[in-house]
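Observations on the model geometry
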Amino acid sequence: MRFNDDDSAYLSWTPASAGNRKTWTWSGWVKRGTLGGNKVLFGAGVDGDTSTHDSLRFNVNDNLQFLTQAATGTLVATSAAFRDPSAWYHIVITHDSTESTSTDRVKIYVNGELQTISGTYPTLNVNTAIGNNVSQQLGARQITGSVTNYLDGYMANVHFIDGQALTASDFGETKNGVWVAKDYAG
């Protein structure tokens, strides 16, 4: 999929019923177009409600960041920045608020490597807008009556796994020293 932020391109879908809002995994291959600015890969939320929106995005410093604007608030970001617009990045985020250790509740992998992240982790057993029967978006976020933070770049081989906390090795593998996609079986 190609997303041109100048065209306000994004995809959205509203599920008929909620899934598991505590445990889920998102995986996708991403190639950036422009750097800087908040560029959303995946998000969910209730239009017009600023208190129930989640997103995985590149932030203004080009770090990967996961944020929820739920009552408990989560904001974690990678220490690494991702600034190569010629590279494809395989990004996996796992959310599992049932984990007893707070730092195990969100994990972000890039090209098979678990990233160092810091910030405010989700509270125990918190529900996200992701997985709820509200608008789910690829390439932007919909909030307060408008769509913002458009991605400029490409996405491929995108998966959303409801109810399971998976790792990068479920979606990719190293071959000849290079991290490559593999068929997801699950």
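The coordinates are above.
Described in the following lines is the structure provided in the data block. Because the structure is predicted, anything quoted here is derived from the model rather than measured. (Residues numbered from 1 in each chain as written. Predicted model: local features only at pLDDT ≥ 70, side-chain atom pairs only at ≥ 80, totals over all residues. Heavy atoms only, no water.)

1. Focus on the nonpolar core
Most often, soluble globular proteins have nonpolar side chains that are buried together. The line we're drawing: Buried residues of nine kinds, namely Ala, Val, Leu, Ile, Met, Phe, Trp, Tyr and Cys, make up a nonpolar core once their side-chain atoms join them within 4.5 Å. A simple rule labels every residue: compare its accessible area, found with a 1.4 Å probe on the protein chains alone, to the largest value its type can have, and call it buried under 20%, exposed over 50%, or partly exposed in between. Starting at the N terminus, helices and strands are each numbered in turn, a helix being any DSSP run of H or I of at least four residues and a strand any DSSP run of E of at least two. In what follows, a contact means two residues having at least one pair of non-hydrogen atoms within 4.5 Å.
Grouped together as the largest cluster of nonpolar side chains are 28 residues, with contacts concentrated most on Trp-26, Leu-41, Leu-64, Ile-91, Ile-93, Val-106 and Met-155. Among the secondary structure elements, those contributing two or more residues to this core are β3 (23-32), β4 (39-45), β5 (53-58), β6 (63-68), β8 (88-96) and β9 (106-110). In contact with Leu-41, other than residues within four places in its own chain, are Trp-26, Val-30, Leu-56, Arg-57, Phe-58, Leu-64, Ile-91, Gln-137, Leu-138, Gly-139, Leu-151 and Met-155. In terms of nonpolar packing, the next biggest core, distinct from the first, is built from eight residues, Tyr-109, Leu-166, Ala-168 and Phe-171 among them.

2. A few points about the sheet that holds strand β10 (residues 113-114)
The following threshold applies: Only strands that DSSP links by at least two bridges are regarded as paired with each other.
In space, the six strands of this open sheet follow the order β1-β15-β3-β8-β9-β10, with antiparallel pairing throughout. Only two strands of the sheet have a single partner each, and these edge strands are β1 (2-3) and β10.

3. Points about the sheet that holds β4
This is how the line gets drawn: Whenever a helix is involved, its axis is fitted only over the stretch in contact; in every case the axis is a line through C-alpha atoms, and angles between N-to-C directions fall within 0 to 180 degrees.
Spatial ordering of the open sheet is given by β2-β12-β4-β5-β6-β7-β11, a layout of seven strands whose pairing is antiparallel. Strands with a single pairing partner mark the edges of an open sheet, and in this sheet they are β2 (11-13) and β11 (117-120). In this sheet, adjacent strand axes meet at a mean angle of 10° when their direction is disregarded. As judged from the five bridges shared by β6 and strand β7 (residues 74-81), these two strands associate in the antiparallel manner. Among the inter-strand pairings, Asn-63 is bridged to a residue of β7, identified as Ala-81.

4. Describing unusual backbone geometry
We note that Ser-8 has phi near 55°; this positive angle belongs to a residue other than glycine. On the basis of relative accessible area, Ser-8 is assigned to the partly exposed category, the value being 36%. Even without a glycine there, the phi angle at Asp-62 is positive, about 70°. Its location among the elements puts Asp-62 in the loop between β5 and β6.

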